[in-house]
Amino acid sequence: MSYTKLRQQLAEGLKTAYKISEDDIATILPEKEEDFKEGEFLTSFLEQDKNRVEAINQKGKDKFEQGYSKGKKEVLSSFETEIKEHFNIDDDDLIGIDLVKKVVESNSQKSKSDPTKLTEEELKSHPSVIKMLSEKEKTWKEEKKQLEEGFAEKLGQFNKEKVFNTVSKRALTFFEAMNPVLSADPVKAQNQKNILLEQIKGFEFQEDGDDFIPLKDGKRIEDQHGHGISFESLVKDTAKQWFDFKQADDRSNPNPPGGGGTGSGHKPKTVEEYSKMVTNRDIPLEERQKIKEEWNKQAAS
């Protein structure tokens, strides 16, 4: 598949899944293959995704504050309406403490003219009033708790993604230093790296200065001896499960004449020896490929 077609498909995915604009896509994913820079693509993409997550979090925070204010206003408004109806107060402008003062004032005047009416103290301690206030307070606390829990969940998710943005960059630094065998196609190579990042994303991470402590279910990951596993070790051990790595040539032991150019020091003479050599991961992948080529040439001759 050509770079142009791959770019078109990737651009559609970025625009649909991450809402990245055409201008930003053109910046991080140039139309010409020779202008594509793998390192700059990953950095720009992660920055774009970080901005997207921050915008979602800010929107959730604004929605929480709006819901908090709206809920408070609705509860108070409903309560004030019930008070006006109960005490026959016909004044839409009276709210809050002014409404309470009006109720007390009205009740005080009625108590003076009619001994059977409730006094201010009797009003405060009346079972119906106490019950009404208690129910309103309970309802308000439940609504407030739901809003706070929803906001806390969104904030926690945002913080987790923010930390992982830094974790992924550090993980790729360790991974690339291991000299992995990746596709020559930059898009395929990035997809291969994403396999490692998906595995790493299954863990939690606690910031420790410039480093990170890997966690699982809130607990530090330990080896079989009870020692904590470092972030670098976690990345390297995970990478070894999925990738092969290039190894430097051992120049202290040059191949003997007629050695076929492999690091093994000699050509396989039997099928059994050939099978062992091409499956031995202690021999670099490039050298095992050369052994296969030499063996196939011999078989064809």
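Residues numbered from 1 in each chain as written. Predicted model: local features only at pLDDT ≥ 70, side-chain atom pairs only at ≥ 80, totals over all residues. Heavy atoms only, no water.

S.K.: Would you explain helix H1 (residues 3-17) in this entry?
M.R.: Structural remark: α-helix, 3.6 residues per turn; residues separated by three or four positions point the same way. Compared with an ideal rise of 1.5 Å per residue, which puts 15 residues at 21 Å, H1 spans 21 Å between its outermost C-alpha atoms and is within 8% of the ideal. By the burial criterion, the buried members of H1 are Tyr-3, Leu-6, Arg-7, Ala-11 and Leu-14. Axial view of H1: buried residues confined to an arc of 130°, hence all on one face. In H1, those exposed residues whose orientation departs by more than 90 degrees from the buried face are Thr-16 and Ala-17. Looking one or two residues past H1, Lys-19 carries a phi angle of roughly 55°, positive in sign. (Helix = DSSP H or I, 4+ residues; strand = E, 2+ residues; numbered from the N terminus. Expected span 1.5 Å × (residues − 1). Buried < 20%, exposed > 50% of the residue type's maximum accessible area, 1.4 Å probe, protein only. Arc of directions from axis to C-beta.)

S.K.: What's the story with the packing of aromatic side chains in this structure? I'm lost.
M.R.: Enumeration according to the criterion identifies five aromatic pairs in this entry. Relative to Phe-231, the ring of Phe-205 lies with its centre 5.6 Å away and its plane at 90°, an arrangement referred to as edge-to-face. One end of the pair, Phe-205, is in strand E1 (residues 204-208); the other, Phe-231, is in helix H8 (residues 231-240), and 26 residues separate them in sequence. Each member of the pair, Phe-205 as well as Phe-231, is classed as buried. Through a chain of ring-to-ring contacts, three or more aromatic side chains come together here, namely Phe-174, Phe-205, Phe-212 and Phe-231. Between the NZ or CZ atom of Lys-216 and the centre of the ring of Phe-203, over which it lies, the distance is 4.9 Å. (Phe/Tyr/Trp six-rings, centres within 6.5 Å; stacked < 30°, edge-to-face > 60°. Lys NZ or Arg CZ within 6 Å of the ring centre and 35° of its normal.)

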